[in-house]
Structure formats: structure tokens, C-alpha cells
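Structural overview
Residue strings, one per chain:
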Amino acid sequence: MINGNVKLGFDQQQRPIISYHKYDQHGDTQMYVARRENTGWNSVQISDWKGFRWEFGGGGSLGRFPVKPYAPFYH
């Protein structure tokens, strides 16, 4: 859920939905949509890509910068 790959939206009844990608049970990258319902989160796979795996690696765009929280009140 990095690099803007999670999208928020609304269904026809104005309930919030989240779209995202993750690996399926075969290790292929798939798209999913999730919505909060009375019994919890309901997530549905909406793609059926075969043999496609989006591999993540490397340091990313922030890998070369020391990212630290700024909290002067901790001193």
C-alpha cells in the first residue's frame, strides 16, 4: 500500500471503499476492493491476472534520506 496504489472512493450508497493490490494464493498480483460492512471488512478480488507479479525492491524514493520523526518535546 505504497506509492499511491491505494485509492479511496464511495459506492452507490455513499459508503467508503478502498481499492488496493496484493498477491493472490498463487503469488500473482491482483486488484481488490474492500468495504466495511456490519460483520467487518468485505474484500473482493476484481482482477484475474495470470503470471503477473509486481515485485517490490530497492530503497525506494526515500531510501537515500534519513527519515526520522521530529519531536523536540521528547527531550
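Conventions used here
Residues numbered from 1 in each chain as written. Predicted model: local features only at pLDDT ≥ 70, side-chain atom pairs only at ≥ 80, totals over all residues. Heavy atoms only, no water. Helix = DSSP H or I, 4+ residues; strand = E, 2+ residues; numbered from the N terminus. Buried < 20%, exposed > 50% of the residue type's maximum accessible area, 1.4 Å probe, protein only. Contact = heavy atoms within 4.5 Å. Phe/Tyr/Trp six-rings, centres within 6.5 Å; stacked < 30°, edge-to-face > 60°. Lys NZ or Arg CZ within 6 Å of the ring centre and 35° of its normal. Pairing = 2+ DSSP bridges. Axes fitted to C-alpha atoms, helices over the stretch in contact; angles between N-to-C directions.

By the naming in an unreviewed UniProt entry, the protein chain goes by BNR-4 repeat-containing protein and is assigned to Paraglaciecola aquimarina.

Of regular secondary structure, the protein chain possesses zero helices and four strands. The order of helices and strands in the protein chain, counted from the N terminus, is β-β-β-β. Residues classed as buried in the protein chain amount to 20% of the 75 residues present. Here the analysis covers contacts within the protein chain between residues at least 6 apart in sequence; of these, 15% occur between residues at least 24 apart.

The next subject is the packing of aromatic side chains. Inspection of the entire model under this criterion finds two aromatic pairs. On the numbers, 5.7 Å between centres and 15 degrees between planes, the contact of Tyr 20 with Tyr 32 is stacked. Within this pair, whereas Tyr 20 is found in strand 2 (residues 16–23), its partner Tyr 32 is found in strand 3 (residues 29–37), the two being separated by 12 residues in sequence. When sorted by exposure, Tyr 20 lands in the same class as Tyr 32, which is buried. Ring geometry for Trp 49 and Phe 52: centres 5.9 Å apart, planes at 90 degrees, overall edge-to-face. Here the guanidinium or amino end of Arg 53 rests over the ring plane of Tyr 23, the centre of that ring lying 3.5 Å away.

One non-glycine residue, Gln 14, lies in the positive phi region at around 65 degrees. Classification of Gln 14 by relative accessible area gives exposed; the value is 57%.

Once that is clear, we can look at the sheet that holds strand 2. Each strand in a sheet pairs with its neighbour through backbone hydrogen bonds, running either in the same direction (parallel) or in the opposite one (antiparallel). As summarised here, the arrangement of the four strands in space is 1-2-3-4, forming an open sheet in which the pairing is antiparallel. Each having just a single partner strand, strand 1 (7–10) and strand 4 (40–45) make up the two edges of the open sheet. Sheet twist, expressed as the mean angle between neighbouring strand axes with direction ignored, is 30 degrees. The pairing of strand 3 with strand 4 spans six bridges and is antiparallel. Across the sheet, residue Arg 36 finds its bridge partner in strand 4, namely Trp 41.

Another aspect to go through is the side chain of Thr 29. With respect to the secondary-structure elements, Thr 29 resides in strand 3. According to the relative accessible area criterion, Thr 29 is buried, its value standing at 2%. Those residues within four positions of Thr 29 in sequence are excluded, and the remaining contacts are His 21, Lys 22, Tyr 23, Trp 49, Phe 52, Arg 53 and Trp 54.

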